[in-house]
Amino acid sequence: MFKNYQKNKALKYLSKILNINWLTHDVFQLKIVKPESFIYHIGQAVEITLGEEKAELRAPFTITSNYESSEEIEFIIKVYPKHNGFTSQLSRAKVNDILFISEAWDSFSYEGPGIFIAAGSGITPFVPLLRRLKKQNRIDGHQLFFANKKSRDIILKDELKYILGNSVLNILSKESINEFPLRHIDFDFLSEHIRTIDQFFYLCGPTSFIDSVKRDLIKVGVKEELIQTIY
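This text gives an overview of the structure that appears in the document. (Residues numbered from 1 in each chain as written. Predicted model: local features only at pLDDT ≥ 70, side-chain atom pairs only at ≥ 80, totals over all residues. Heavy atoms only, no water.)

Observations concerning the side chain of Thr24
As a reminder of what qualifies: Only runs of H or I of at least four residues qualify as helices and only runs of E of at least two qualify as strands under DSSP, and these elements are numbered from the N terminus. Exposure is judged per residue with a 1.4 Å probe applied to protein chains only, and the accessible area is read against the type maximum: over 50% gives exposed, under 20% gives buried, and values in between give partly exposed. Polar contact is the term for a pair of N or O atoms within 3.5 Å; when the atoms are in protein, one must be able to donate a hydrogen and the other to accept it, and sequence-neighboring residues count only if both atoms are side-chain atoms. The contact definition used throughout considers only heavy atoms, calling two residues in contact when any of these lie within 4.5 Å.
Along the polypeptide, Thr24 turns up in the loop between strand E1 (13-22) and strand E2 (27-33). In this structure Thr24 comes out as buried when scored by relative accessible area, which is 11%. A polar side-chain atom of Thr24 sits 3.2 Å from a polar atom in the side chain of Asp26. A polar contact of 3.1 Å, which involves the side chain of Thr24, links it to the backbone nitrogen of Val27. With residues near it in sequence (within four places) discarded, Thr24 still touches Arg152, Asp153, Ile154 and Ile155.

In structure tokens, the structure reads:
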């Protein structure tokens, strides 16, 4: 789960949908009105529900907009249609539909330059931070290892390339193309691509992915205290 997340947090802020924009075949960008008294910062998440404050369908999502934005809040959300759950419901919502959000809480904390390792929608907690580092000319010293099944699954592919240049490595597990290698982020990959073990490592994705990568990082020689996991 998200760091510091407590299920069924109080959904005290009323908002409405401004825009829904599909980024990939199963991932969309949601923009909502920023409530007047709502405060957040990079690395935080909220719980969302549609329609009624006490609606049963609700879920936590990382905020991907910059906290300096005065009018809107942005999220990047993956839809799981087979589950027929909240993400599917949210993807079918319309502009001006009402929703409620909770207070923001920390999903992860930025400790300093290092390597971000993400699988699929696990990239979302890192997006606002990477954008801000680029804007501040502080992106040097950071890398991104981004695992997906196929090239069509890569979220914000062009923007991440713009931000990180050759320091973003896209890895595909179910498609072989010239642009990206067909492999997994495992011990061999990490041994090949980590320049130094004395830096921070930020991991986000499915539990099995995080657990596997963390074990391999430690096997490579990375100290556990330098590894931060975001579920």
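Re the layout of surface pockets
Rule in force here: Buried and open spaces are told apart on a 1 Å grid over the protein atoms alone, a cavity being a set of points where a 1.4 Å probe fits but cannot get out and a pocket being an open set with protein on both sides within 12 Å along at least five of seven lines. Residues with an atom within 4 Å of a point are the lining residues. Grid points are joined across faces, edges and corners, and a volume is the space filled by probe spheres set on the points. For this classification, the nonpolar set comprises Ala, Val, Leu, Ile, Met, Phe, Trp, Tyr, Cys and Pro, the charged set comprises Asp, Glu, Lys and Arg, and every other residue, Gly included, is treated as polar.
The space that makes up the second largest pocket amounts to roughly 190 Å³. In terms of residue count, the dominant contributor to the lining of the second largest pocket is helix H2 (residues 127-135) (three residues). A breakdown of the residues in the lining of the second largest pocket according to their chemical character gives six nonpolar, four polar and three charged.

As for a positive patch on the surface
Counted only if it meets this: Put simply, a patch holds well-exposed residues, over 30% relative accessible area, that have no salt bridge, with like charges counted together within 9 Å and Val, Leu, Ile, Met, Phe, Trp or Tyr side chains within 5 Å. Per-residue accessibility takes into account occlusion by the displayed protein chains alone, with areas from the Shrake-Rupley method and a 1.4 Å probe. Any Lys or Arg side-chain nitrogen located within 4 Å of an Asp or Glu carboxyl oxygen qualifies as a salt bridge. When charges are counted, Lys and Arg contribute as positive and Asp and Glu as negative, whereas His and the chain ends are disregarded. Taken as the charge location is NZ of Lys, CZ of Arg, CG of Asp or CD of Glu.
Together, Lys149, Lys150, Arg152 and Lys174 line one region of the surface with positive charge. Along the chain, the position of Lys174 falls in the loop between strand E10 (168-172) and helix H4 (187-193).

Re the pattern of salt bridges
All told, the structure shown has seven salt bridges when counted by the stated rule. A salt bridge links Arg131 to Glu74; the nearest nitrogen and oxygen atoms lie 3.0 Å apart. Placement of Arg131 in helix H2 and of Glu74 in strand E5 (residues 72-78) is noted, with a sequence separation of 57 residues between them. Through salt bridges with shared partners, a single ionic network connects Glu74, Arg131 and Glu159.

What to know about the pairing of strand E9 (residues 143-148)
As a reminder of what qualifies: Strands are labelled as partners when DSSP assigns at least two bridges between them. Note on handedness: a crossover is taken as right-handed if, strands pointing away from the viewer, the path from the first strand over the helix to the second is clockwise.
Among the six residues of E9, six are classified as buried, and the element is accordingly described as predominantly covered. Burial along E9 is two-sided: Gln143, Phe145 and Ala147 facing one way and Leu144, Phe146 and Asn148 facing the other are all buried. Across five bridges, the pairing between strand E8 (residues 114-119) and E9 is parallel. Directly across from Phe116, in E9, lies its bridge partner Leu144. The parallel pair E8 and E9 is bridged by H2, and the resulting crossover is right-handed. With five bridges joining them, E9 and E10 adopt parallel strand pairing. Note on E10: the bridge partner recorded for Phe146 is Asn170.

A few points about helix H5 (residues 207-220)
Rules: An expected span of 1.5 Å times one less than the residue number is assigned to each helix. As used here, the arc belongs to the directions running from the helix axis to the C-beta atoms.
Across its 14 residues, H5 extends 20 Å between first and last C-alpha, which sits within 8% of the 20 Å expected from 1.5 Å per residue. For H5, the complete set of buried residues consists of Phe209, Ile210, Val213, Asp216 and Leu217. Across the axial projection of H5, the buried residues extend over an arc of 135 degrees, all falling on one side. Opposite its buried face, H5 presents the exposed residues Ser208, Arg215 and Lys219, each directed more than 90 degrees away. The inward-facing, buried residues of H5 contact E8, E9, H4, strand E11 (200-204) and strand E12 (227-230).

With respect to the packing of aromatic side chains
Stated precisely, the cut-off is as follows: Only Phe, Tyr and Trp rings take part, Trp by its six-membered ring, and two of them pair if their centres are within 6.5 Å. Stacked means planes under 30 degrees apart, edge-to-face means over 60, and tilted covers everything else.
Summed over all chains, the structure comprises 11 aromatic pairs. Centre to centre, the rings of Phe116 and Tyr202 are 4.8 Å apart; their planes meet at 20 degrees, and the pair counts as stacked. Here Phe116, found in strand E8, pairs with Tyr202, found in strand E11; they are 86 residues apart in sequence, far enough to count as distant. Here Phe116 matches Tyr202 in class, with each residue buried.

A word on the environment of Ile77
Tracing the backbone shows Ile77 in strand E5. Look at Ile77 and you get buried, because its relative accessible area is 1%. The spacing of Ile77 and Val27 is 50 residues in sequence and 5.5 Å in space, taken between C-alpha atoms.

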